[in-house]
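In case you want the letters, here they are:
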Amino acid sequence: MRDVIVIGLGAMGSAAALHLARAGADVLALDRFGPGHGRGSSHGATRVIRRVYAEGEIYMPLLGRAYALWAAMERDSGQTFLNACGGLDIGPEGGALVRTALKTAEDHAIAHETLDAAAIMARFPALRVPKGMAGVFAPQSGQLFSGAANAWMRETAEAAGAELRWNEAVTGWRRSGKSLSVATARGETRCRKLVIAAGPWTGLLLPSLDPHLAVERQVTGWFTPPPRRARDFANMPVFQADPPGGERFYFLPPAGGMGVKAGLYGHLGERGAAMRRGRMPDEADAALLRRGLRKWLPGADGPPQKLQQCRFTRTADDRFIIGLWPDDPDVAVLSPCSGHGYKFAPAIGEAAAGLALERDSAVDLAPFSVERVLGG
Ligand SMILES: Cc1cc2nc3c(=O)[nH]c(=O)nc-3n(C[C@H](O)[C@H](O)[C@H](O)COP(=O)(O)OP(=O)(O)OC[C@H]3O[C@@H](n4cnc5c(N)ncnc54)[C@H](O)[C@@H]3O)c2cc1C
């Protein structure tokens, strides 16, 4: 009998396995694919982290905890996982995105500056920002080296005693008396607690949750500015831009030999079960991302260096799920991510370990409950 089985070894399951193993639990973690595979939501080298949060106040305690844990991970590993190159939230002056970002900064005493369009372009020459737009700049925002961080979390979980098994899909789980039973092609394994961190496949393991989750195809692209513009891009911050009635693009600076990374929330609007598989990126994906580059970073517009498919798993309110399964309090459910969960991974993993080990959480998890999604 295991203390805890974790289903899924993306960012959230890896972080959960790490915190559980470090707390002394006997952990088995299973993934249907191999380490670092590209079929879920956590693959690739980089992700954005923003210290002010235009998505709202409810995320701030979890975000503060995540920053503390990213710093602890850097201390433990001797690696750099967070490049604090600064981050901008750009929207219409006085609009909701700028107002909310500003309020989270002020309420939580986060270092920030408000810049108008001209000031943004003077400081960051790679960016083009229309008049009437403003940005909240947070110097502690930046990019996370997610590929390296995921690998470190997996390795450190194993070193702390967790057993990680790859290419072993969980086909079902059930209550079996006082314990739970988890089935794979290798047979059934019993455990006291279960953590489900299955990303886009969560609804297959929890069918009553499935209608409340939308799996959405995303494509990110990398675009290399010409060498004559390299200096303009050297100090580029991460940023998202939300023009009136428009498309919310996000961009990350060049890193690790790759060019500017570009993405669009919602992308082509392709949703549904078929998006678990998705389809290979094509010209239409590249054209969409280049539209964003032409508008916000014209110096990086050109043929993509690389396109990569990924998946968002969205709830109706775009909030995460971090909570106990209402029908069985020995089961914790993690983070259908709604496309912005990565930066919180260490804090979500810690919260999951707390739920499974029945310990008090460092942050209030009520805004992320399963019940709110199920409508209970
Ligand atoms: C294109 C893109 C860009 C993003 N950018 C950002 C960003 O800049 N900043 C940010 O904060 N967030 C970002 N996100 C969101 C973030 O990456 C996700 O929130 C996070 O990676 C979700 O991790 P996860 O572990 O929940 O899911 P996943 O990474 O999908 O992991 C789930 C795992 O469960 C396994 N699994 C599923 N079913 C089973 C089963 N039955 N048995 C065994 N294993 C199973 C899968 O194989 C998979 O490995 C982005 C997401 C995408 C797609």
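Residues numbered from 1 in each chain as written. Predicted model: local features only at pLDDT ≥ 70, side-chain atom pairs only at ≥ 80, totals over all residues. Heavy atoms only, no water.

Caption draft 1: Main features of the packing of helix α2 (residues 60-77) against helix α5 (residues 146-159). Two elements in contact, α2 and α5, have axes whose closest approach is 12 Å; the angle formed by their N-to-C orientations is 70°. Looking at the two axes, α2 sits roughly perpendicular to α5. Of the two elements, α2 crosses α5, and the hand of that crossing is left-handed. Between α2 and α5, the residues in contact are W70, M73, D76 and S77 and A149, W152 and M153, respectively. For the contact of α2 with α5, the per-class residue count stands at five nonpolar, one polar and one charged. (Axes fitted to C-alpha atoms, helices over the stretch in contact; angles between N-to-C directions. Helix = DSSP H or I, 4+ residues; strand = E, 2+ residues; numbered from the N terminus. Parallel < 35°, antiparallel > 145°, perpendicular 65-115°, else oblique. Left-handed = near helix turned anticlockwise from the far one by under 90°. Contact = heavy atoms within 4.5 Å. Nonpolar A, V, L, I, M, F, W, Y, C, P; charged D, E, K, R; others polar.)

Caption draft 2: Summary view of α5. With 14 residues, α5 should cover 20 Å at 1.5 Å per step; its first-to-last C-alpha distance of 20 Å lies within 8% of that length. The set of residues buried in α5 consists of S146, A149, N150, W152, M153, R154, T156 and A157. Tucked into the core, α5 has its buried residues touching α1 (11-22), β3 (47-49), α2, β8 (142-144) and β9 (163-165). Just downstream of α5, G161 is the residue with a positive phi angle, here 115°. (Expected span 1.5 Å × (residues − 1). Buried < 20%, exposed > 50% of the residue type's maximum accessible area, 1.4 Å probe, protein only.)

Caption draft 3: Main features of the sheet that holds strand β4 (residues 82-83). Read from one edge to the other, the open sheet built from three strands follows the order β3-β8-β4, with strand pairing classed as antiparallel. The sheet is open, and its two borders are formed by β3 and β4, each paired with just one other strand. Bridge analysis of β3 against β8 gives three bridges, and the strand direction is antiparallel. Looking at the pairing, V48 lines up with Q143 of β8. (Pairing = 2+ DSSP bridges.)

Caption draft 4: Spatial organisation of the domain arrangement of the protein. Segmenting the protein into domains produces domain 1 (2-44 + 147-206 + 317-374) and domain 2 (47-144 + 214-314). Counting from both sides, the interface comprises 37 residues of domain 1 and, opposite them, 31 residues of domain 2. The largest contributions to the domain 1 side of the interface with domain 2 come from W152, K343 and F344, which together make up 21% of the buried area. Applying the counting criterion to the domain 1 and domain 2 interface returns three salt bridges. D318 is the salt-bridge partner of R314, the closest N and O atoms lying 2.8 Å from each other. Inspection of the domain 1/domain 2 interface yields 16 residue pairs in polar contact (both at pLDDT 80 or more). Split by residue class, the side of domain 1 that touches domain 2 holds 20 nonpolar, eleven polar and six charged. (Domains from an automatic or database assignment. Buried area = accessible area lost by both parts, 1.4 Å probe. Salt bridge = Lys/Arg side-chain N within 4 Å of Asp/Glu carboxyl O. Polar contact = N/O pair within 3.5 Å; in protein donor to acceptor, adjacent residues only side chain to side chain.)

Caption draft 5: Expanded view of the pattern of salt bridges. Evaluation of the coordinates by the stated rule reveals 32 salt bridges. For D330, the salt bridge identified is with K193, shortest N-O distance 2.8 Å. You can see D330 sitting in strand β19 (residues 328-334) and its partner K193 sitting in strand β12 (residues 187-196), a full 137 residues away along the chain. Looking at D330, the relative accessible area reads 19%, which means it is buried. Between D317 and R319 there is a salt bridge; the shortest N-O distance is 3.7 Å. Residue classification places D317 among the partly exposed positions, given a relative accessible area of 36%. On the basis of relative accessible area, R319 is assigned to the partly exposed category, the value being 24%. Each of the salt bridges in this network shares a partner with another, and the network as a whole consists of R2, D26, E163, R165, E168 and R186.

Caption draft 6: View of the packing of aromatic side chains. If you walk through the whole model with that rule in mind, you get 16 aromatic pairs. One aromatic cluster in this structure is built from Y53, Y59, F320, F344 and F368. In this structure, R47 is placed above the aromatic ring of Y342, and the distance from its NZ or CZ to the ring centre is 5.9 Å. One cation-aromatic arrangement involves R248 over Y265; the distance from NZ or CZ to the ring centre is 4.0 Å. (Phe/Tyr/Trp six-rings, centres within 6.5 Å; stacked < 30°, edge-to-face > 60°. Lys NZ or Arg CZ within 6 Å of the ring centre and 35° of its normal.)

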